[in-house]
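Residues per chain are reported as follows:
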Amino acid sequence: MFSLQTIFGSGKQFYALLDDSAAAAHDSTKALHAMMKEADRQPALDAFKLARVRERTASDKISQALVESFITPIEREDIESLGSALYRIPKQVEKFADRYALATQHLEHIDFAPRAAMLEQAAGVVVDMVHELKRMDLDRMTALNEKLRSLENEADRLMLELYREIYSGKLDSLQMFLLKEFFEILEKAIDRCRAAGVVAYQIVLKNS
């Protein structure tokens with residue numbers, strides 16, 4: 001006698017699809033950090049476009065699999081929520097890259113690399129959290145969640161330093177505006193990582 005799992009599949013492909021989505025998001029943050037470390041910091045937008053295409057492809061495959069699959073390893077709503085949260089990460093990173101390409105000449109003196117490095121680290125933790133879903137190890141996921149929370153807190157601290165620089169009186173009005181805008185975009189990108197991590201953590205809490 002065949003089980004439903006034998007007939008319809010186990011739904012394990014969703015873990016692989018979510019892994020692909022998280023990896024694409026991470027790659028976009030790697031591209032941003034690499035760009036910010038370069039001496040000329042000339043925007044190479046192809047890497048960001050490629051990451052977004054990969055993310056969109058993974059998102060579309062997840063949506064299609066949800067339609068076609070009778071069995072999912074976790075609740076459908078959780079898969080949709082996590083897929084949506086992951087999709088927003090490279091979207092935010094690409095927003096930074098696109099705007100940066102238009103304002104490079106005004107931002108030569110601003111070092112975005114430390115914040116970009118923090119974003120890359122946060123996206124890396126998200127990759128680990130998504131990969132851990134198949135194990136449903138609450139202790140491991142809790143440790144990763146705390147690590148992601150610490151990165152978010154450090155990003156908040158760096159934002160306070162940013163405002164100190166803005167209010168120092170050393171910058172002209174355009175520089176003040178751009179500095180605030182670009183750091184807030186980076187901060188929101190880290191928030192996107194945190195949001196994805198929260199969804200992954202809640203999935204494990206629900207299923208452990």
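Refer to the preceding data block for the structure.
Thresholds applied
- Per-chain numbering applies: the sequence of each chain, read as written, is numbered from 1 onward.
- Two thresholds apply to this predicted model, a pLDDT of at least 70 for residue-level local features and 80 or more for giving and counting side-chain atom pairs, whereas whole-chain, interface and lining totals are computed over all residues.
- The side-chain numbers reported here are obtained from all heavy atoms of the structure, hydrogens and water having been left aside.
- Runs of E in the DSSP output that reach at least two residues are strands. Runs of H or I that reach at least four are helices, and both are numbered from the N terminus.
- A 1.4 Å probe rolled over the protein chains alone gives each residue an accessible area, and that area as a share of the maximum for its type sets the label: buried under 20%, exposed over 50%, partly exposed in between.
- Shrake-Rupley sampling with a 1.4 Å probe provides the accessible areas, and residues are treated as covered by the protein chains on show and by no other component.
- When charges are counted, neither His nor the chain ends are considered; positive counts come from Lys and Arg and negative counts from Asp and Glu.
- A charge is said to be at NZ when it belongs to Lys, at CZ for Arg, at CG for Asp and at CD for Glu.
- Here, nonpolar core refers to any group of buried Ala, Val, Leu, Ile, Met, Phe, Trp, Tyr and Cys residues whose side-chain atoms link them within 4.5 Å.
- When checking whether two residues touch, look at their non-hydrogen atoms; a contact exists if any pair is within 4.5 Å.
- The axes are straight lines fitted to the C-alpha atoms, using for helices just the contacting stretch, and the angles between their N-to-C directions are given from 0 to 180°.
- Convention used here: angles under 35 degrees read as roughly parallel, angles over 145 as roughly antiparallel, angles from 65 to 115 as roughly perpendicular, and any remaining angle as oblique.
- The sense of a crossing depends on the near helix, which, turned anticlockwise from the far helix by less than a right angle, makes the crossing left-handed and, turned clockwise, makes it right-handed.
- In this classification, Asp, Glu, Lys and Arg are treated as charged, Ala, Val, Leu, Ile, Met, Phe, Trp, Tyr, Cys and Pro as nonpolar, and every other residue, Gly included, as polar.
- A pair of Phe, Tyr and Trp rings is counted when the ring centres sit within 6.5 Å of each other, with Trp represented by its six-membered ring. The angle between the planes then sorts it: under 30 degrees is stacked, over 60 is edge-to-face, the rest tilted.

Re the overall build of the protein chain
Part 1: Secondary structure summary: the protein chain contains 7 helices and 0 strands in total.
Part 2: For the protein chain, the sequential pattern of α-helices and β-strands runs α-α-α-α-α-α-α.
Part 3: Seen through its principal axes, the protein chain has C-alpha atoms that stretch 75 × 35 × 25 Å.
Part 4: Going through the 208 residues of the protein chain one by one, you find that 46% of them count as buried.
Part 5: Of the roughly 10,700 Å² of accessible surface on the protein chain, 52% is carried by carbon and sulfur atoms.
Part 6: Of note, the protein chain has its 28 positive side-chain charges centred 1 Å away from the centre of its 33 negative side-chain charges.

Observations concerning the nonpolar core
Part 1: Core analysis: the biggest nonpolar cluster contains 65 residues, and Leu32, Met36, Leu82, Leu86, Phe96, Phe112 and Leu133 have the highest contact counts within it.
Part 2: Mapped by element, the contributors of at least two residues to this core are helix 2 (13-37), helix 3 (45-68), helix 4 (76-103), helix 5 (113-131), helix 6 (138-166) and helix 7 (173-207).
Part 3: Beyond its immediate stretch of four places on either side in the chain, Phe96 contacts Leu32, Met36, Phe112, Phe182, Ile185 and Leu186.

Details of the packing of helix 4 against helix 7
Part 1: Two numbers describe how helix 4 lies on helix 7: the axes approach to 9 Å, and their chain directions differ by 165°. One way to sum up the angle between helix 4 and helix 7 is to call them roughly antiparallel. Considering only the axes of helix 4 and helix 7, their crossing is left-handed.
Part 2: The residue inventory of the contact of helix 4 with helix 7, partitioned by class, reads 17 nonpolar, 2 polar and 8 charged.

Remarks on the packing of aromatic side chains
Part 1: Per the counting criterion, the structure on display carries 7 aromatic pairs.
Part 2: Taking the centre distance of 5.2 Å and the plane angle of 80° together, the rings of Phe96 and Phe182 count as edge-to-face. Residue Phe96 is found in helix 4, and its partner Phe182 is found in helix 7; the two are separated by 86 residues along the sequence. Take Phe96 and Phe182: they sit in the same class, and that class is buried.
Part 3: Measuring from centroid to centroid gives 6.0 Å for Tyr100 and Phe112, while their planes differ by 85°, and the two rings are edge-to-face. Note that Tyr100 is positioned in helix 4 and Phe112 in the loop between helix 4 and helix 5, a separation of 12 residues in sequence. Across this residue pair, the class does not change: Tyr100 and Phe112 are buried.
Part 4: An aromatic cluster of three or more residues is present, and its members are Phe96, Tyr100, Phe112, Phe182 and Phe183.

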